[in-house]
Amino acid sequence: MKIYSWNVAGIRACEKKGLYDWYLEELAEVYCFQETKALPEQLNDQLVNPKSHSAIYAPAVKKGYSGVSTWVKSGIEHKHTIGLGIEEFDNEGRTIITEFDNFFLFNCYFPNGQRDHARVPYKMSYCKAIEEKAQELHQQFKKDIIITGDYNTAHHPIDLANPKTNTKSTGFLPLEREWMDHFEEIGYVDIFRHFTPEENGHYTWWTYRSNCRERNIGWRIDYFWTNKDMLKNIKGCSHHTDILGSDHCPISLELN
DNA sequence: TTACCCGCAAC
DNA sequence: CCATAAGTGC
DNA sequence: GTTGCGGGTAATCACTTATGG
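Computed from a predicted structure; not experimentally measured.

Caption draft 1: Seen up close, the protein's contact with DNA strand D. Taken together, the neighbourhood of DNA strand D is formed by A9, G10, R12, A13, K17, K37, Q42, K63, G64, K164, Y208 and R209. Per the 4 Å cut-off to the protein, sugar and phosphate atoms form 74% of the nearby atoms of DNA strand D. Considered class by class, the residues forming the surface near DNA strand D number 3 nonpolar, 3 polar and 6 charged.

See below:
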């Protein structure tokens, strides 16, 4: 089973740049998209009813802003929950939780802290809410947990090209990084880093400015995290840096 | 966000 | 219909 | 001298909605 996650930075624009063709080539079991920036009624039919999948959308109340969508291949038993049951987060279309036979899949768009750090507290409370929901579902249903999406945080200096000049930028603030430390301490694993330890230059986002993607000046802010016990079922995790269409690249997780 | 320039300290 | 401005991203 | 770091400023790309004519 293969799961993709991709921050598309506007699913309509990304469609024009080949998202649906890429989907048809892959036809993986699951796709998690973030920053769809659209209401379902604004979309072409193929994005609402993709050929081989059922798609669910969690748009933000505010038009053209945020939003996530999860696509599951026809025939795979599953059940969706939109949002966390917390209004301030659900208003912004940040979360879809999908339950499968053996695990829960969280598709998350973690908030941006904003340049002036105004939304850092909001971001931190979203982190906490996701963490609590994951623990709750894990303990209640005894199923594994996969949390993917755009975390908007680089964990360690090797996770971004310019760690020194960004210690005061949201995405690499001590507070944001500490939450990831904590998340690790309570038993969750950053899957890409697990398979590719201590190797720098692996990013999932590059600013459009200054040809940063070509020069690989980027950040690793999109992840798959799972509970530790799930590791034995995981074959690998990849970054698909050759897939264009957004300022993020798709990432994938392969399960047994 | 990165790129660039400036001043200052360290060697 | 096209051009432009403004908000957001980070 | 030159190297390196910190601080400050300048210039930057794209998606979306709304507005104007």
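Caption draft 2: Structural detail: the packing of helix α5 (residues 120-141) against helix α6 (residues 174-185). Contact geometry for α5 and α6: axes closest at 10 Å, N-to-C directions at 5°. Comparing their axes, α6 and α5 come out roughly parallel. Only L175, E176, W179, H182 and F183 of α6 make contact with α5, whose side of the interface consists of V120, K123, M124, C127, K128 and E131. Class assignment of the residues belonging to the contact of α5 with α6 gives a composition of 6 nonpolar, 1 polar and 4 charged.

Caption draft 3: Representation of the UniProt feature "site: Transition state stabilizer" (unreviewed entry) in chain A within the structure. Taking the UniProt record as the reference, the feature "site: Transition state stabilizer" (unreviewed entry) is found at N152. Counting through the fold element by element, N152 comes out in the loop between β8 (144-150) and α6. Apart from the residues within four sequence positions on either side, N152 is in contact with Y109, F110, P111, N112, K123, G171 and I221. Looking at N152, its side chain comes within polar contact range of the main-chain oxygen of F110, at 2.9 Å.

Caption draft 4: The arrangement of the sheet that holds strand β9 (residues 188-190) in detail. Here 6 strands make up an open sheet; going across it, the order is β5-β6-β7-β8-β10-β9 and the pairing mixed. Of all strands in the sheet, those bounded by a partner on one side alone are β5 (79-82) and β9. With direction set aside, neighbouring strand axes in the sheet form an average angle of 20°. Pairing analysis gives 3 bridges linking β9 to strand β10 (residues 222-227), with the strands arranged antiparallel. Along β10, the bridge assignment pairs D190 with W225. Across the sheet, α5 lies against β6 (95-99), β7 (103-109), β8, β9 and β10, angled at about 170° from β7, the strand it touches most. Where α6 meets the sheet, it contacts β8, β9 and β10, and its direction lies at approximately 30° from that of β10.

Caption draft 5: Structural detail: the UniProt feature "active site" (unreviewed entry) in chain A. Under the present numbering, the feature "active site" (unreviewed entry) in UniProt falls on Y109, D150 and H248. A maximum C-alpha distance of 12.8 Å places the annotated residues, which cover 140 residues in sequence, within one compact spot. If you take the residues mentioned a moment ago, the ones lining the largest pocket come down to Y109, D150 and H248. Those residues in contact with Y109, other than ones at most four positions away along the chain, are N7, Q34, E35, S66, V68, R94, Y126, D150 and N152. For Y109, the side chain forms a polar contact with the side chain of E35, separated by 3.4 Å. Counting through the fold element by element, H248 comes out in the loop between β11 (234-239) and β12 (251-255). Leave out the neighbours within four places in its chain, and H248 touches W6, N7, D150, T204, W205, W206, R213, I221 and D222.

Conventions adopted
- Residues numbered from 1 in each chain as written.
- Chains lettered and ligands numbered in written order.
- Predicted model: local features only at pLDDT ≥ 70, side-chain atom pairs only at ≥ 80, totals over all residues.
- Heavy atoms only, no water.
- Near = heavy atom within 4 Å.
- Nonpolar A, V, L, I, M, F, W, Y, C, P; charged D, E, K, R; others polar.
- Axes fitted to C-alpha atoms, helices over the stretch in contact; angles between N-to-C directions.
- Helix = DSSP H or I, 4+ residues; strand = E, 2+ residues; numbered from the N terminus.
- Parallel < 35°, antiparallel > 145°, perpendicular 65-115°, else oblique.
- Contact = heavy atoms within 4.5 Å.
- UniProt positions renumbered as here; feature names shortened; annotations may be inferred.
- Polar contact = N/O pair within 3.5 Å; in protein donor to acceptor, adjacent residues only side chain to side chain.
- Pairing = 2+ DSSP bridges.
- 1 Å grid on protein atoms, 1.4 Å probe; cavity = no way out; pocket = protein on both sides within 12 Å on 5 of 7 lines; lining within 4 Å.

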